[in-house]
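Letter by letter, the chains look like this.
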There are 2 protein chains.
Amino acid sequence: VSEAAGTTYLDRLAARSAATGTVLCLGLDPVPTALPKGFSPDVHGIERFAEQVLEAALPYAAAVKPNLSFYEAFGSAGVAAFERLRAHIPADVPVIADGKRADIDTTSARQSVAYYDALGVDAVTINPYLGQEAVLTYIERPDRFAYVLCRTSNPGAADFQALRVATHEREDGILTAPSEPLWARVAREVAGWGPGGTVGLVVGATAPAELRAVRTIAPKLPFLVPGVGAQGGSIDPVLAYGPVETDGSQWPGGGLVVNVSRGIASAALEDAAGSVSGDLQERVAAAARSWSERLPVLP
Amino acid sequence: VSEAAGTTYLDRLAARSAATGTVLCLGLDPVPTALPKGFSPDVHGIERFAEQVLEAALPYAAAVKPNLSFYEAFGSAGVAAFERLRAHIPADVPVIADGKRADIDTTSARQSVAYYDALGVDAVTINPYLGQEAVLTYIERPDRFAYVLCRTSNPGAADFQALRVATHEREDGILTAPSEPLWARVAREVAGWGPGGTVGLVVGATAPAELRAVRTIAPKLPFLVPGVGAQGGSIDPVLAYGPVETDGSQWPGGGLVVNVSRGIASAALEDAAGSVSGDLQERVAAAARSWSERLPVLP
C-alpha cells in the first residue's frame, strides 16, 4: 500500500491530486496485439509497455488504475508481472485495482486479502449484485477504499442497470426510496454502507445525465469515472458533477478520479514507423499532460 | 480444457454425470486458517490440502469448482498453485472457475482468455450487472460455458436481486415481461443470450422458492447450485427443479451441478488429534461419497 496505516485513501488521493493539479487516473490496460513495434505480443511485451507508459505518464496522474484482466490473461506469469509493475509505483500514488469483484462473505474475505495484501493496492472496484454483505470486507479497513459499480460506461450497461425498481417503504409506511432506475437505487443504498470514507461509486462519463443524478442522490460519495477518451464520454459534466460537495479545502479534487487508458497508451502508436523508446515515452507523456490539463483540480 | 474441441461443455458434463451417477460438484476453496494439522497456513499448505481433497473426492464428483479467490489471496504464487491443481484434474472432469467476473467488452475479451486459455477451465461464473454485451465473449465459444449469477446463496443476496423491476413492453405495446424481482428478470433475459448450450444460471439452494420460479421462467437453462452443505440449503427442491426439462436421455443429470465445498473439506478436520494423511483422505472420500449419494442423477 502507498502509505503507512493511519492515513485514509481519500487523504492520500487528495494529497496527490493537489500535488499534480489533476484528477486524471492513468489506466494501465496493455493488449498484446496493440503494442508498438519492438514489443513482443506476450507477457514480456505487455509488462515492458506498461512500465514505459507508467514511467512517462506518472507525473501527470493523480492515481493509477490497472485493470487486472489484462495481466490475468497470462495466468500466474501475468499476475507476477502486475506485482512487479505495482512495486514500481511510488508510495504517494494511489493504486486502484480494477477487478469488479465481490462474492459471498467468507470468499469475499479472501478476495480482499488478494487485492489489499497480496497485490498491495489502495482501492478496488466492486460489483454490487451480491449485496452489502459481500462488500463489507472491502470497506471496513479505514485505509483502503472500494468503488462500487453504479452506472457503468459500456453500451450494454442499461440492460439491467436502467431497469426501474419499485418504491421502498419502511414498516411504518414511510417512503424511503422512490421508484427509480437500479443504478439510482444502488447509489442510494451504497451511501449508507461502511464507516464513512471507504466507499465510492463507479459512474461512467458516457451517461452524463445519470452521473448528475447520482451526484444528487449521493452527494458525499467519491466517484471513479471511466468512459472519457476511447469510449467518447464528455468531460464537462464530469468536472461539474464529479467532485463531492464539500468546500473544496477538505479534499482537493473532491475525491474524483477520471480514468484514461487507451487515450494515453494509444499515443505510443502514433509514430509507428521506426519509433524508438525515447520518442514513445515523449508522446505518451505529452498525451498524459494534455489529459491532465483537461481534467484539472478545480478551485 | 478437459476435452478436444468439438464436444460441448454440457456433453462433457453429461458424460461425467452418467459415469459417476451424481450431480455433485466438488468445491475446492482452501482457507489457510482452517487446514488440518500438518498443513502450513500458507500457499504451500492450501495447495497440498486442495490436492489431497481433490484426489480423495474426485471419484464421487461430476465436476470441480475452485473459487479463484482462495488462490488469488496468495498473489501470483497462489495462481501458480491453481495452475498446478488444474493440471491434476483429469481430462474427463469439467472444471468451473468461480470468479464472478464480467467487464466492458474489450476487457471481457481479455478476461475470457484468462479463464478459458491461461487457466484452461471449461466454465466460469459471471456477474450480470454490466449487461449482455459484457458476457458475449464468454458464451460465443461452443465448447465453453458461463453460469450467470441469478439468485445467489448469501444472506445479502436480496439487497438488489429481490428488488421488483417494472414491466417491459415492446414498442407495439405487447407485454414481454411482467413486474418481477430482478433475479427473475435476469433469468428471463439470459434465456435469450448466446447461441444455445453455452450459458446457464447460478441459483442458490438457500432460496428454494426462487429456484423453482427460475426453473419455470428459464426451463432450458442449466443450473449451478451453491448453498447446500455449510450454507444450509435443502436438497429436495434442488433435485426437483434443478435439472432442465428434457426427457432425461439428452443430458443425464439435466445439466445440473450442485456445489459442496466446506461440507466435504471439513471432513478432513473431524479427527483433529493426530490425524495422518491416509485417514484424512478416507474421511474426505467418505464425505464426498455421502454427498454424491444424496445428489444422484435422477432417471
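**Q** Would you take a moment to explain the overall build of chain A for this structure?
**A** Along its length, chain A carries 12 helices and 12 strands. Computed over C-alpha atoms, the radius of gyration of chain A comes to 19 Å, within 12% of the 19 Å expected from 2.2 N^0.38 for 299 residues, which places it in the range of a compact globule. Its C-alpha atoms give chain A principal-axis dimensions of roughly 70 × 40 × 40 Å. Relative to all contacts within chain A whose residues are 6 or more apart in sequence, the contacts with residues 24 or more apart total 68%. If you sum the accessible surface of chain A, you get close to 10,600 Å²; carbon and sulfur atoms cover 53% of it. Charged side chains in chain A number 24 positive and 33 negative. The centres of these two groups are separated by 3 Å.

**Q** Before we go on, may I ask you to explain the sheet that holds strand β1 (residues 24-27) of chain A in this structure?
**A** Hydrogen bonds between backbone atoms are what pair the strands of a sheet, whose relative direction is either parallel or antiparallel. Residue and element names in this part refer to chain A. An order of β2-β1-β12-β11-β10-β5-β4-β3 is seen for the eight strands of this open sheet, with the pairing classed as parallel. The open sheet has two free edges, formed respectively by β2 (63-65) and β3 (96-101), since each of these has just one partner strand. The mean angle between the axes of side-by-side strands here comes to 30°, regardless of whether they run parallel or antiparallel. When β1 meets β2, the two strands line up parallel, connected through three bridges. When the bridges of β2 are listed, Cys 25 appears paired with Ala 63. Helix α1 (residues 9-20) contacts β2, β3, β4 (123-126), β5 (145-151) and β12 (257-260) of the sheet and is inclined by roughly 85° relative to β5. Against the sheet, helix α5 (residues 105-118) makes contact with β3, β4 and β5, and its axis sits at roughly 160° relative to β3, the strand it touches most.

**Q** Looking at this structure, how should I read helix α4 (residues 75-87) of chain B?
**A** One full turn of an α-helix is made of 3.6 residues, so residues set three or four places apart face in the same direction. The terminal C-alpha atoms of α4(B) lie 19 Å apart, and with 13 residues this matches the ideal 18 Å at 1.5 Å per residue to within 8%. Regarding α4(B), the residues found buried are Gly75(B), Ser76(B), Gly78(B), Val79(B), Ala80(B), Ala81(B), Phe82(B), Leu85(B) and Arg86(B). Contacts made by the buried residues of α4(B) are with α4 (75-87) and α5 of chain A together with α2 (43-57) and α3 (69-72) of chain B.

**Q** Just checking my understanding: could you explain the side chain of Arg110(B) for this structure?
**A** Mapped onto the fold, Arg110(B) is located in helix α5 (residues 105-118). Buried Arg110(B), no salt bridge; nearest opposite-charge side chain is Asp117(B), N-O distance 7.4 Å. Discounting chain neighbours no more than four positions away, the residues touching Arg110(B) are Pro32(A), Ser69(A), Phe70(A), Ala73(A) and Phe74(A).

**Q** How should I be thinking about the relation of the copies chain B and chain A in this particular structure?
**A** What relates the pair of chain copies is a rotation about an axis plus a shift along that axis. Structural alignment of chain B on chain A gives an RMSD of 0.0 Å, achieved by rotating through 180° and translating 0.0 Å along the axis. What the rotation and shift describe, once combined, is the action of a two-fold rotation axis.

**Q** In this structure, what is going on with empty space enclosed by the protein? I would like to understand it.
**A** Regions of empty space are outlined by a rolling probe, equal in size to a water molecule, passed over the atoms. Enumeration according to the criterion identifies one cavity of 30 Å³ or more in this entry. Reported here for the largest cavity is a volume of approximately 250 Å³. The wall of the largest cavity is formed by 20 residues, among which Glu72(A), Val79(A), Arg101(A), Glu72(B) and Val79(B) lie closest to the centre. Counting residues per element, the ones that place at least two in the lining of the largest cavity are α3 (69-72), α4 and α5 of chain A together with α3, α4 and α5 of chain B.

**Q** What exactly am I supposed to notice about the pairing of β12(A) here?
**A** Both faces of the sheet carry side chains from a regular strand, because those side chains alternate between them. Residue and element names in this part refer to chain A. By the alternation rule, side chains of β12 split into Val 257 and Asn 259 and Val 258 and Val 260, which are all buried. Two elements, β1 and β12, share three bridges in a ladder whose sense is parallel. Across the sheet, residue Leu 26 finds its bridge partner in β12, namely Val 260.

**Q** Quick question: what am I supposed to make of the interface of chain B and chain A here?
**A** Accessible area lost upon the coming together of the parts serves often as the stated size of an interface. On the side of chain A, 57 residues touch chain B, which itself brings 57 residues to the contact. Note on chain B versus chain A: buried area summed over both sides is about 4,800 Å², and carbon and sulfur give 59% of it. Considering only the side of chain B, the residues that lose the most area to chain A are Arg110(B), Tyr129(B) and Phe160(B), jointly responsible for 20% of the buried surface there. Where chain B touches chain A, the interface holds four salt bridges.

**Q** Looking at this structure, I do not really get the packing of helix α8 (residues 182-190) of chain B against helix α9 (residues 208-217) of chain B. What am I missing?
**A** Angle between the axes and distance between the axes are the two parameters that describe a pair of packed helices. Residues and elements named next belong to chain B. Across the interface, α8 lies against α9 with an axial gap of 9 Å and an inter-helix angle of 30°. Here α9 runs roughly parallel to α8, going by the angle between their axes. Here the hand of the crossing between α8 and α9 comes out right-handed. From α8, Trp 183, Ala 184, Ala 187 and Arg 188 reach across to α9, where they touch Glu 210, Ala 213, Val 214 and Ile 217. Tallied by class, the residues present in the contact of α8 with α9 amount to six nonpolar, no polar and two charged.

**Q** What is the right way to look at the environment of Ile139(A) in this model?
**A** Residues and elements named next belong to chain A. Within the secondary structure layout, Ile 139 lies in helix α6 (residues 136-139). A C-alpha to C-alpha distance of 25 Å links Ile 139 and Val 238, two positions 99 residues apart in sequence. Discounting chain neighbours no more than four positions away, the residues touching Ile 139 are Ala 146, Trp 193, Gly 194, Pro 195, Thr 198 and Val 199.

**Q** Sorry, what's going on with the layout of surface pockets here?
**A** Taken as a whole, the largest pocket holds about 570 Å³ of empty space. In terms of lining residues, the largest pocket is bounded by 36 residues, among which Asp29(B), Phe70(B), Asn259(B), Ser261(B) and Arg262(B) are the most central. Those elements that provide at least two residues to the lining of the largest pocket are α5 of chain A together with α2, β3 (96-101), β12 (257-260) and α11 (262-265) of chain B. Looking at side-chain class alone, the lining of the largest pocket contains 17 nonpolar, 13 polar and six charged residues. A volume near 400 Å³ is recorded for the second largest pocket. In terms of lining residues, the second largest pocket is bounded by 29 residues, among which Asp29(A), Gln231(A), Arg262(A), Ile104(B) and Thr107(B) are the most central. At four residues, the largest contribution of residues to the lining of the second largest pocket is made by α5(B).

Cut-offs applied
Residues numbered from 1 in each chain as written. Chains lettered and ligands numbered in written order. Predicted model: local features only at pLDDT ≥ 70, side-chain atom pairs only at ≥ 80, totals over all residues. Heavy atoms only, no water. Helix = DSSP H or I, 4+ residues; strand = E, 2+ residues; numbered from the N terminus. Rg over C-alpha atoms; globule rule 2.2 N^0.38 Å. Contact = heavy atoms within 4.5 Å. Areas by Shrake-Rupley, 256 points an atom, 1.4 Å probe, with all protein chains shown as cover. Lys, Arg positive; Asp, Glu negative; His and termini not counted. Charge placed at Lys NZ, Arg CZ, Asp CG, Glu CD. Pairing = 2+ DSSP bridges. Axes fitted to C-alpha atoms, helices over the stretch in contact; angles between N-to-C directions. Expected span 1.5 Å × (residues − 1). Buried < 20%, exposed > 50% of the residue type's maximum accessible area, 1.4 Å probe, protein only. Salt bridge = Lys/Arg side-chain N within 4 Å of Asp/Glu carboxyl O. Least-squares fit on C-alpha atoms with pLDDT ≥ 70 in both. 1 Å grid on protein atoms, 1.4 Å probe; cavity = no way out; pocket = protein on both sides within 12 Å on 5 of 7 lines; lining within 4 Å. Points joined across faces, edges and corners; volume = space filled by probe spheres on them. Buried area = accessible area lost by both parts, 1.4 Å probe. Parallel < 35°, antiparallel > 145°, perpendicular 65-115°, else oblique. Left-handed = near helix turned anticlockwise from the far one by under 90°. Nonpolar A, V, L, I, M, F, W, Y, C, P; charged D, E, K, R; others polar.

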